[in-house]
Every structure is written in structure tokens, then in C-alpha cells.
Amino acid sequence: MDSSAKIITRSLTFSYGKRLLFGPIDLALPENNIIAVTGPSGAGKSTFLSIFNRLWEENGTGHVSGTVLLRLAGTVADIYRNDLDLSALRRKVGMVFQTPNPLPMSIRKNVAFPLFLAGRREGERDHLVERALQRAHLFDEVKDRLHEDARNLSGGQQQRLCIARALMLEPEILLLDEPTSSLDGTSSAGIEALLVELRQTCTLLMVSHYQDQVRRIADQVFEMIDQNLVRIA
Ligand SMILES: Nc1ncnc2c1ncn2[C@@H]1O[C@H](COP(=O)(O)OP(=O)(O)OP(=O)(O)O)[C@@H](O)[C@H]1O
């Protein structure tokens, strides 16, 4: 096994019923990289991302075979073993979606929400909220309106809020599904710069349709095509 890899798949396949969506896929992806996945619509890119936090299981359909290993907190774990703690996995593997999805609550409560779910004390939260907002380059814009409804923020601000929320529990891997596709050029550029910074502390696995974006920021580029994942850059 490649002991330095952060994400390893062996003979990974995914099917819906009798339909093979992709695989077998063998990968060894390094940490602190931005790894981009492109490919035609419907090829299975979003499903591929959802393998790594087991989010696809929430749909109740689909089937994974093969092995998926993640090196988390220095230890290689098979994330499909029976006794895996799914909540712990999802704390270490954060996710950001195509459309920003703030919860119907204040900016502060949105960012603090993962702490609330993790049962962290109220007293600890303000400092951590500020830090996450700083990391997402949003703090200066919202510091005077932390108690306002997060849904009043602009699209780009909402996406940075969602990134701040995803960063709250210090994930080691961040899954990003078309994180800029609902944003204008200026907001997209801000998010891209942020992702490049986050590479220092996270491994980023990102689906993107934008070839120019992928060329600008990704360390490795794969294309999901003909049921396979092929490295193209
Ligand atoms: N729960 C499900 N049951 C059956 N088929 C599904 C389910 N979820 C997704 N699919 C199918 O799997 C295929 C891959 O979907 P997926 O969203 O992963 O593709 P994608 O490459 O991300 O597409 P896009 O670029 O359009 O977002 C699609 O044909 C989709 O209809």
C-alpha cells in the first residue's frame, strides 16, 4: 500500500440495481492536494464524491464494492467496515454542495451548528465560529450581523458560510461538488483562492465542469468517462 496516500480505492465499483455506474477504480491520492473530477453530465461524479462520506447511503439505493481506505488522524481506516463510526467519519470528511445550503437560522448559528451536533459547550462556540469565518474570508463582512438570518447573504457569501461550517470540525478531507457553479465570476474567484489556501490543511476532492478553473487550481485532474476515472492532468 502507498503509505503516504490520503485516499485509496481498490477495485471500487458503484451500481444502482443492475446498472454499473463506474468502476473498477484503483486510486492513491496524496494529501494536501486539490484533486478535480470532471466529465459529462450523468457520468457519476457526484455519486463518486458521496462514496467518501457514505452520503449515497442516505438514498437507500445503490451498492459499493471494493475497498475505500482513508488515512485519518494518521491511521488508515476502511470506511466501509461494519463497525465504522459514521458520525466520526463525517466530522473528518466535510462536504460543500453546488448550491449554498444555509440553514434557516442566524449566521452564527449556521457556522456553530456542527459544534451543536457534536455536543460542544456553548461557551466554546463563539471563538471557534470567528476562527472558521476568518478562514473562509467572511468574518470582516459579517462580524456586525452575526445574528441576522444567513439566507440574506449574497450567493458568494452563503457559499463561504457553508465552507466555514464545513471547516468547523477541522476536516482532513473536503468534498466539493461544483462549489462555484451557482456563483458569479468575482465570487468564484474568491472561492478558488480560498480552496488553494485550504489545501495547506485539507485534501480537497472537487467536482468541477470548469476546465479553466480545474487547470488553475487542481494538482491532479481526472475525467469520469465510460464508467472509469482516467487521469488527464
Ligand atoms: N438514487 C438513485 N437511484 C438510481 N439512479 C441514480 C440515483 N442517484 C443518481 N442516479 C443516477 O446515477 C447517474 C449519475 O448521477 P451523478 O449525479 O452522480 O452524475 P454526475 O456526473 O454528477 O452528473 P452532473 O454533472 O449532471 O451533476 C445518473 O444517471 C443518475 O440518474
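Criteria and cut-off values
Residues numbered from 1 in each chain as written. Predicted model: local features only at pLDDT ≥ 70, side-chain atom pairs only at ≥ 80, totals over all residues. Heavy atoms only, no water. Helix = DSSP H or I, 4+ residues; strand = E, 2+ residues; numbered from the N terminus. Contact = heavy atoms within 4.5 Å. Pairing = 2+ DSSP bridges. Axes fitted to C-alpha atoms, helices over the stretch in contact; angles between N-to-C directions. Buried < 20%, exposed > 50% of the residue type's maximum accessible area, 1.4 Å probe, protein only. UniProt positions renumbered as here; feature names shortened; annotations may be inferred. Expected span 1.5 Å × (residues − 1). Near = heavy atom within 4 Å. Polar contact = N/O pair within 3.5 Å; in protein donor to acceptor, adjacent residues only side chain to side chain. Areas by Shrake-Rupley, 256 points an atom, 1.4 Å probe, with all protein chains shown as cover.

- As recorded in an unreviewed UniProt entry, the chain goes by Phosphate import ATP-binding protein PstB and comes from Desulfofustis limnaeus.

Looking at the side chain of S188
- Looking at the element boundaries, S188 is found in helix α7 (residues 185–198).
- Contact partners of S188, with chain neighbours within four places excluded, come to T180 and L183.

Focus: the sheet that holds strand β5 (residues 75–78)
- What the 4 strands build is an open sheet, ordered β2-β1-β4-β5; its pairing is antiparallel. The strands lining the two open edges of the sheet, one partner per strand, are β2 (19–30) and β5. Taken pair by pair, the neighbouring strands of this sheet meet at an average axis angle of 10 degrees, ignoring direction.
- Bridge analysis of strand β4 (residues 63–72) against β5 gives 4 bridges, and the strand direction is antiparallel. Its bridge partner being in β5, L69 is matched across the sheet by D78.

Section: the environment of N152
- Inspection of the secondary structure puts N152 in the loop between α5 (139–142) and α6 (155–167).
- N152 sits in the exposed class, given a relative accessible area of 54%.
- As for N152 and L29, which are separated by 123 residues in sequence, their C-alpha atoms are 38 Å apart.

Section: the UniProt feature "domain: ABC transporter" (unreviewed entry) in the chain
- In the numbering used here, UniProt assigns the feature "domain: ABC transporter" (unreviewed entry) to residues 7–232.
- From the first C-alpha to the last, residues 7–232 spans 18 Å; its make-up is 34% helix and 29% strand.

Observations regarding helix α4 (residues 122–135)
- With 14 residues, α4 extends 21 Å from end C-alpha to end C-alpha; this agrees with the ideal 20 Å at 1.5 Å per step.
- Inspection of α4 places R125, L128, V129, A132 and L133 among the buried residues, and these make up the whole buried set.
- Count one or two residues on from α4 and you reach H137, which has phi positive near 55 degrees.

Quick notes on the site of the ligand
- Around the ligand, 14 residues are found, and the nearest of them are S41, G42, K45, S46 and T47.
- One of the backbone N or O atoms of G42 is found 2.9 Å from an oxygen atom in the ligand.
- In the model, a nitrogen atom of the ligand is placed 3.1 Å from a nitrogen or oxygen of the T61 side chain.
- Coverage of the ligand by the protein amounts to 63% of the 640 Å² it exposes when considered alone.

Structural notes on helix α3 (residues 107–117)
- I107, R108, N110, V111, A112, P114 and L115 are the residues of α3 that are buried.
- The inward-facing, buried residues of α3 contact α4, α5 and α6.
- Immediately downstream of α3, the backbone of G119 shows phi near 75 degrees, a positive value.

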